[in-house]
Amino acid sequence: MDITFDGEINDKMKGLYRSKYVNEKGEDGYAAVTQFESTDARRCFPCWDEPALKATFDISLIVPPKLEALSNMPIKKTTNMEDLICYDFEKTPIMSTYLVAVVVGEYDYVEDRSADGVLVKVYTPRGKKEQGLFALEVATKVLPYYKEYFNIAYPLPKIDLIAIADFSAGAMENWGLVTYRETRLLVDPQNTSAVRKQWIALVVGHELAHQWFGNLVTMEWWTHLWLNEGYASFVEFLCVNHLFPEYDIWTQFVNDIYIRALELDCLKNSHPIEVPVGHPSEIDEIFDDISYNKGASVIRMLHHYIGDEDFRKGMNLYLTRHQYKNTFTEDLWAALEESSKKPVGAVMSAWTKQMGFPVVKVTSKPSEDGTGYELSFTQCKFCADGAQPSNDYLWMIPISVSTSKNPGKEVAHTVLQSKEGKLFVPDVGPKDWIKINPGTIGYYRTQYTSDMLERLIPAIRDLSLPPLDRLGLLDDLFAMVQAGHTSSVEVLKLMKAFEGEVDYTVWSSISNVLTKLGVLLSHTDGEKQFIEYEKKLLLKVYHRLGWDAIEGETHLDTLLRGLVLGRLAWLDDETTAKEAKKRFSNHITGGPSLPADLRSACYKSVLRAGDQETYDTLLKLYRSADLHEEKDRISRALGAAKDITLLSKVLEFAMSDEVRSQDTVFVIMSVAMTRVGRKLAWQFFKDHWKELINRYQGGFLLARLVKFTTENFASEEMANEVELFFKEHKSPGTERTVQQGVETIRLNAAWLKRDKDAIIQYLNSQN
Ligand code: BES
Ligand code: ZN
């Protein structure tokens, strides 16, 4: 049967849409691009647009000769038709509609064959093909890695990775034709920062993992979206760890993925990993930190529980058994259960079907025979507001323990199956520390007695406690603080033990805590004292790293320098501001240019100290920048300006056609994050609500914007205002985010009320 249909190439970054670029002659050009996930294939052609309804696709494109035409499969036949060309592509394997893709536009490419014989091309804007080389190298190595890991070859004859100028997500795993934002794919050696390069490796690893997990085997329905996203978010780290061991990427996982999941998942308005969804806007909304980050975190826990070998075997079983078909979460458990002979389904079901996670309270006492210590555990659900919910919530929690005799080694473990449990830990002396959850692998918080905590502190100072344990300890304590189980002063005291900290990821975690405390204190008159406290904390690491890269330094020290200088810039540290000003001025006047890793910190610093003229200079820099990464860096620094008139200009700029829709949200965010800017950004959101709804149509970018513009308030009054606004202005696809935002504001308000005086008193005593 034939159906004739027509449609429009829209500009909403959904379905078949147009993407604008400037070609190498400086002229505007348009590409036609598809983005179908989750429910937008139907915008392009009539179809049964659900993941379980798989079909084969024979695609033909008729295009002008100067344009490249790409789709999932290689070209089968080319026919000249007067002034157009018709490309017929090979038939696809049976697949879900959301993975179908075409791209038509002007592009260059670099190509190579992976060791396992797959033709890989990376498409870039014309004249910039060398910017595709890094991704090409990563992709050609990732394919054989996955082939070996899953013991299944990549199923298609070719794979293309292409940078798309207008793109709403970060990247999309269309089978055989993966699309990326330019900033997620292109590396310009002079202008790409180390942190960005690392990110690109992760994104390439993520989308290629989907070629098996998602594309070859697909979730039955969006309720099981996490099978795609959580799993790919785990595997991307496996493969980057393999390709770039110097990134120490598993440590970074804990800060960037695991902690972010816990932060969201302790809210009343979190949701279980597996969640019923119906309307497309509900589907959009679950592309969130639960599906991705909690999903990846529980898989990491499971991987540890059954071990890599059985995990691999189980993966192979699962993928072979269900290839070209669809699955439920239980199918994955069944395969892993078979390979490991462990009760995977029983252990895992609470983690995916029940929202939230437990806090494990631990007490210790010397065992009666004096050969070790006896630990007692109790579990209950961890709630952000510190409430003790009913006993209904239980998880099967794999718990392990390390001690000062063997830091980093698991010397005892158990699975806590009921409310309470015990564990004997051998060979522990009266001064030794005991650390629960070494490596921060179990998806739970730990609450220690003050005696157990005290013993761990010297091991933070002398760094004998491994980085992931230092990080986990701090973050667990901070969670207890936020929930009101202990005073904020305790975390301020604990952080002083981190003055000699050397690890980038641990510092990222400290930075996370400082940011949250900083937001809280920005609602008080204790902000100045807190800035002093923080500057003192950063002094040592700042002196170790300085401004200039040290010959042969590690990748992680490069990242750390950017982080530390970025913080000092925010604190208006005078020396930092002076140095930043000098280097920035050289940068723009043809002197030594700023290394990409320092630019973000410098831009923010000069803006904070600057005026209208500085702002204009940065705008000029923005306009002259060609690389999207650089434009991003500048536009996301603009919110650092302090002057309210300038900040209003930043907001107008964010909505102007100088900023791509996909980036607007993050420019507004840069304003919303500051004390001066947050009210302004919220007002701006309200004033432009209609336009924003229209632009983003319930997509996840709108949900992000709602999160950024609401979550930093800290009064009941603002909670009510936000609640009322969204009651009167229905915004599909942001419902849960609104509830989370309102809940967070109320939590902030309660926290402030509880701890404000004690914090200020403590800070005063320190300075
Ligand atoms: N499948 C998603 C892309 C996507 C996201 C489609 C939201 C529709 C709605 C893709 O695999 C993905 O997860 N992309 C991430 C990047 C990744 C490295 C975490 C993204 O877009 O942020
Ligand atoms: Zn994904």
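All figures in this text were calculated on a predicted structure; none of them were measured in a lab. (Residues numbered from 1 in each chain as written. Chains lettered and ligands numbered in written order. Predicted model: local features only at pLDDT ≥ 70, side-chain atom pairs only at ≥ 80, totals over all residues. Heavy atoms only, no water.)

1. Overview of the overall build of the protein chain
Okay, step 1: Scanning the protein chain from terminus to terminus reveals 26 helices and 21 strands.
Okay, step 2: What you see for the protein chain is a C-alpha radius of gyration of 26 Å, in line with the 27 Å of a compact globule of 767 residues.
Okay, step 3: Within the protein chain, buried positions represent 61% of all 767 residues.
Okay, step 4: In the protein chain, of all internal contacts separated by at least 6 residues, the share reaching a separation of at least 24 is 69%.
Okay, step 5: A total of about 30,300 Å² of accessible surface is found on the protein chain, and carbon and sulfur atoms cover 52% of it.
Okay, step 6: Each charge class in the protein chain was averaged separately, 88 positive and 108 negative side chains, and the resulting centres sit 3 Å apart. (Helix = DSSP H or I, 4+ residues; strand = E, 2+ residues; numbered from the N terminus. Rg over C-alpha atoms; globule rule 2.2 N^0.38 Å. Buried < 20%, exposed > 50% of the residue type's maximum accessible area, 1.4 Å probe, protein only. Contact = heavy atoms within 4.5 Å. Areas by Shrake-Rupley, 256 points an atom, 1.4 Å probe, with all protein chains shown as cover. Lys, Arg positive; Asp, Glu negative; His and termini not counted. Charge placed at Lys NZ, Arg CZ, Asp CG, Glu CD.)

2. Here's the deal with the packing of helix H15 (residues 555-570) against helix H17 (residues 596-609)
Okay, step 1: Two elements in contact, H15 and H17, have axes separated by 8 Å at closest approach and are oriented at 5°. Considering their axes alone, H15 and H17 lie roughly parallel with respect to each other. In this structure, H15 contributes Thr 558, Arg 561, Gly 562, Leu 565, Gly 566, Ala 569 and Trp 570 to the contact, and H17 contributes Asp 597, Leu 598, Ala 601, Lys 604, Ser 605 and Arg 608.
Okay, step 2: Among the residues forming the contact of H15 with H17, the class breakdown is 5 nonpolar, 4 polar and 4 charged. (Axes fitted to C-alpha atoms, helices over the stretch in contact; angles between N-to-C directions. Parallel < 35°, antiparallel > 145°, perpendicular 65-115°, else oblique. Nonpolar A, V, L, I, M, F, W, Y, C, P; charged D, E, K, R; others polar.)

3. Remarks on the domain arrangement of the protein chain
Okay, step 1: Assigned domains of the protein chain: these are domain 1 (1-193) and domain 2 (358-459).
Okay, step 2: Centre-to-centre separation of domain 1 and domain 2, based on C-alpha positions: 49 Å. (Domains from an automatic or database assignment.)

4. So, the sheet that holds strand E16 (residues 372-381)
Okay, step 1: Spatially, E19-E16-E15-E21 is the arrangement adopted by the 4 strands of the open sheet, whose pairing is mixed. Both edges of this open sheet fall to strand E19 (420-426) and strand E21 (445-447), since each of them pairs with a single strand only. Across the sheet, the mean angle from the axis of one strand to that of its neighbour is 30°, orientation sign disregarded.
Okay, step 2: Note that strand E15 (residues 358-366) and E21 share 3 bridges and pair parallel. Of the residues in E21, the one forming a bridge with Lys 361 is Gln 447. (Pairing = 2+ DSSP bridges.)

5. Points about the UniProt feature "site: Transition state stabilizer" (unreviewed entry) in the protein chain
Okay, step 1: Here the UniProt feature "site: Transition state stabilizer" (unreviewed entry) sits at Tyr 292.
Okay, step 2: You can see Tyr 292 is positioned in helix H6 (residues 290-306).
Okay, step 3: In this structure, Tyr 292 is in contact with His 206, Glu 229, Gly 230, Ser 233 and Phe 287, ignoring residues within four places of it in sequence. (UniProt positions renumbered as here; feature names shortened; annotations may be inferred.)

6. Things to note about the site of ligand 1
Okay, step 1: The full set close to ligand 1 counts 15 residues, and Glu 37, Gly 170, Glu 173, Glu 207 and Tyr 292 are the nearest of them.
Okay, step 2: Contact distances for ligand 1 include 2.8 Å between a nitrogen atom and a side-chain N or O atom of Glu 229.
Okay, step 3: Counted by class, the shell around ligand 1 contains 7 nonpolar, 4 polar and 4 charged residues. (Near = heavy atom within 4 Å. Polar contact = N/O pair within 3.5 Å; in protein donor to acceptor, adjacent residues only side chain to side chain.)

7. Considerations on the nonpolar core
Okay, step 1: Judged by nonpolar contacts, the single largest core of 270 residues is most densely connected at Tyr 146, Phe 150, Val 204, Trp 351, Ile 436 and Met 495.
Okay, step 2: Looking at this core, the element that brings in the most residues is helix H3 (residues 225-243), giving 12 residues.
Okay, step 3: The two domains that each donate at least three residues to this core are domain 1 (1-193) and domain 2 (358-459). (Core = buried A, V, L, I, M, F, W, Y, C linked by side-chain atoms within 4.5 Å.)

8. Side note on the packing of aromatic side chains
Okay, step 1: Using the criterion set out here, one finds 42 aromatic pairs in the structure.
Okay, step 2: With a centroid separation of 6.4 Å and 45° between ring planes, the pair formed by Tyr 21 and Tyr 107 is classed as tilted. Of this pair, Tyr 21 sits in strand E1 (residues 15-22) while Tyr 107 sits in the loop between strand E7 (102-105) and strand E8 (108-113); the two residues are 86 residues apart in sequence, bridging distant segments of the chain.
Okay, step 3: A relative accessible area of 10% means that Tyr 21 is categorised as buried.
Okay, step 4: On the basis of an interplanar angle of 70° and a centroid distance of 5.5 Å, the ring pair of Phe 357 and Tyr 443 is categorised as edge-to-face. Here Phe 357, found in the loop between helix H9 (344-353) and E15, pairs with Tyr 443, found in the loop between strand E20 (434-436) and E21; they are 86 residues apart in sequence, far enough to count as distant.
Okay, step 5: Among the aromatic residues, those joined into a ring-pair cluster are Phe 213, Tyr 231, Phe 234, Phe 237, Trp 250, Phe 253, Phe 311 and Tyr 318.
Okay, step 6: Sitting above the plane of the Tyr 305 ring, Lys 342 keeps its charged end 4.9 Å from the centroid. (Phe/Tyr/Trp six-rings, centres within 6.5 Å; stacked < 30°, edge-to-face > 60°. Lys NZ or Arg CZ within 6 Å of the ring centre and 35° of its normal.)

9. Details of the coordination of the zinc ion (ligand 2)
Okay, step 1: Only His 206 (NE2), His 210 (NE2) and Glu 229 (OE) from the protein reach the zinc ion (ligand 2) as donors, at distances of 1.8 to 2.1 Å.
Okay, step 2: Of note, the donors binding the zinc ion (ligand 2) are all from one chain and are spaced H-x3-H-x18-E. Highlighted residues: His 210 in helix H2 (residues 194-210) and Glu 229 in helix H3, separated in sequence by 19 residues.
Okay, step 3: Judged by relative accessible area, which is 0%, His 210 ranks as buried. (Donors = N, O, S within 2.8 Å, 3.2 Å for Na, K, Ca; no water.)

10. Let's talk about the side chain of Arg 608
Okay, step 1: With respect to the element layout, Arg 608 can be found in helix H17.
Okay, step 2: Exposure remark for Arg 608: the relative accessible area of 14% places this residue in the buried category.
Okay, step 3: Engagement of the side chain of Arg 608 in a polar contact is seen with the side chain of Asp 572, the distance being 2.7 Å.

11. Description of the state of the cysteines
Okay, step 1: One pass over the full model with this rule turns up 0 disulfides.
Okay, step 2: Residue Cys 44 stays outside any disulfide, its sulfur separated by 8.4 Å from that of Cys 47, the closest cysteine. (Disulfide = S-S within 2.5 Å.)

12. Some thoughts on the UniProt feature "active site" (unreviewed entry) in the protein chain
Okay, step 1: In this numbering, the UniProt entry assigns the feature "active site" (unreviewed entry) to Glu 207.
Okay, step 2: Checked against the element boundaries, Glu 207 lands in helix H2.
Okay, step 3: Taking relative accessible area as the criterion, Glu 207 reaches 5% and is therefore assigned buried.
Okay, step 4: Non-local contacts of Glu 207, meaning those with residues more than four positions away in its chain, are made with Ala 171, Met 172, Glu 173, Val 178 and Tyr 180.

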